[in-house]
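Each chain is listed here by its residues.
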Amino acid sequence: MSRLGFIGIGLMGLPMCRRLLAAGHPLTVWNRHADKCAPLAAEGATAAATPAALAATCDIVMLCIADTAAVESVLAAGLEAALRPGQVVVDFSSIDPLATRAIAERVAARGAHWVDAPVSGGVVGAEAGTLVVMAGGDAAVIDRLRPVLAALAQRVTHMGPAGAGQVSKVCNQLIVAANSLLIAEAVALAEKAGVDASRLAPALAGGFADSKPFQLLAPRMSTRTFTPVQWRVQTLLKDLDMAQSLAARCASPAPLASAAARLMRRHGEAGHMADDLSSVIGLFTDAR
């Protein structure tokens, strides 16, 4: 069985690591704030002192961290220099596709493999092992990873060469983020028109307006239940900004990405960056 390393014990990383441990995989973990590794160490994982120390003991290194800068920071902190021929790095983070391609080239120069494998499904999917993975990189390497990824995901789709997974995730996040704002607008409209908005999710279930985000967000919005945090506003804003950047590089019109980013930024800068995505209902109900 492959020895796994996991860097990034956050909202998604913690339940993903727990699923890997439950599947019997030997697991070494590292996090910038070491205390976040303590629950996993109590459950059988080994805590590494540095990213390089983690890489030295693992066949497959997994990352699930905040953004492009964070990934580059971990690589610069010793991970990249510690990579050896044949080793595989699987990046579950959502980062810039162009940066991903550059990183993959650097890693390949060391004889290792970089697979961009961003996920969708949120904390609920991470806990249940029902994430979907959009993977970019060498198809044969991705096929070798499938037995490990089976503990985390219901589906792994090879989208193309390095960076293709991140492009796919940008598209995914554009749909999710823009949809969340439309859901909030609809919930607010229902309330102001005299309808019990808590009835929207069951009423629309199975219809053309239904979706997983709708079923998760509409009930929380209607009851103003913003905890526990499942998606942070700052994360979706980061992804909307990446969508606009990618669209500009590709000369692809993205008016809805622009409008959604403007609204999400307005909400985040009002003190809600770390809040749950459901809190965007405040854009349509609070006096601003």
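Overview of the structure. Note that this is a predicted model, so its numbers are computed, not measured.

Procedures and definitions
- Residues numbered from 1 in each chain as written.
- Predicted model: local features only at pLDDT ≥ 70, side-chain atom pairs only at ≥ 80, totals over all residues.
- Heavy atoms only, no water.
- Helix = DSSP H or I, 4+ residues; strand = E, 2+ residues; numbered from the N terminus.
- Rg over C-alpha atoms; globule rule 2.2 N^0.38 Å.
- Buried < 20%, exposed > 50% of the residue type's maximum accessible area, 1.4 Å probe, protein only.
- Contact = heavy atoms within 4.5 Å.
- Areas by Shrake-Rupley, 256 points an atom, 1.4 Å probe, with all protein chains shown as cover.
- Expected span 1.5 Å × (residues − 1).
- Bend = angle between axes of the 7 residues up to and from the residue.
- Polar contact = N/O pair within 3.5 Å; in protein donor to acceptor, adjacent residues only side chain to side chain.
- Core = buried A, V, L, I, M, F, W, Y, C linked by side-chain atoms within 4.5 Å.
- Axes fitted to C-alpha atoms, helices over the stretch in contact; angles between N-to-C directions.
- Parallel < 35°, antiparallel > 145°, perpendicular 65-115°, else oblique.
- Left-handed = near helix turned anticlockwise from the far one by under 90°.
- Nonpolar A, V, L, I, M, F, W, Y, C, P; charged D, E, K, R; others polar.
- Salt bridge = Lys/Arg side-chain N within 4 Å of Asp/Glu carboxyl O.

### Re the overall build of the chain
Looking only at helices and strands, one finds 13 helices and nine strands in the chain. Taking 19 Å as the expected radius of gyration for a compact globule of 288 residues, we find that the chain reaches 20 Å, a close match to that expectation. Once the C-alpha set of the chain is aligned to its principal axes, its extents read approximately 60 × 45 × 35 Å. Per-residue burial for the chain yields a buried fraction of 49% across its 288 residues. Contacts spanning at least 24 positions in sequence make up 66% of the contacts within the chain whose residues lie at least 6 apart. Element-wise, carbon and sulfur atoms account for 60% of the exposed surface of the chain, whose accessible area totals about 12,600 Å².

### Structural notes on helix α4 (residues 68-82)
Here α4 contains 15 residues, and its C-alpha end-to-end distance of 20 Å stays within 8% of the 21 Å for a straight helix at 1.5 Å per residue. Where α4 bends most, at A76, the angle is about 65 degrees. Considered for burial, the residues of α4 that qualify are T68, V71, V74, L75, G78, L79 and E80. One side-chain oxygen at the N-terminal end of α4 lies 3.3 Å from the backbone nitrogen of A69; it belongs to D67.

### Observations concerning the nonpolar core
Counting residues in hydrophobic clusters, the biggest one holds 36 residues, and the most contacted among them are F6, M16, L20, L27, V29, M62 and F92. Per-element accounting of this core gives the leading share, five residues, to helix α7 (residues 139-149). In contact with M62, other than residues within four places in its own chain, are L4, G5, F6, I7, L20, V90, F92 and V148.

### Regarding helix α10 (residues 212-223)
For α10, built from 12 residues, the straight-helix expectation of 16 Å at 1.5 Å per residue is met to within 8% by its first-to-last C-alpha distance of 18 Å. All of the buried residues in α10 are P213, F214, L217, A218, R220, M221 and S222. The opening residue of α10 is S211, an N-cap whose side-chain oxygen sits 3.1 Å from the backbone nitrogen of F214. Two residues or fewer past α10, R224 is found with a positive phi of approximately 55 degrees.

### Remarks on the packing of α4 against helix α5 (residues 97-109)
As a packed pair, α4 and α5 sit with axes 11 Å apart at the nearest point and diverge in direction by 15 degrees. The pairing of α4 with α5 is recorded here as roughly parallel in orientation. For the element pair α4 and α5, the recorded crossing hand is left-handed. Mapping the contact onto sequence places T68, V71, E72, L75 and E80 in α4 and A99, I103 and R106 in α5. When the residues that make up the contact of α4 with α5 are grouped by side-chain class, the tally is four nonpolar, one polar and three charged.

### A few points about the pattern of salt bridges
Any two side chains of opposite charge can pair, given that their charged atoms come close. Under the criterion given, the structure shown has 11 salt bridges. A salt bridge links R106 to E80; the shortest N-O distance between them is 2.9 Å. With R106 in helix α5 and E80 in helix α4, this residue pair connects regions lying 26 residues apart in the sequence. By relative accessible area, which is 30% here, R106 ends up partly exposed. The shortest N-O distance in the salt bridge between R220 and D276 comes to 3.0 Å.

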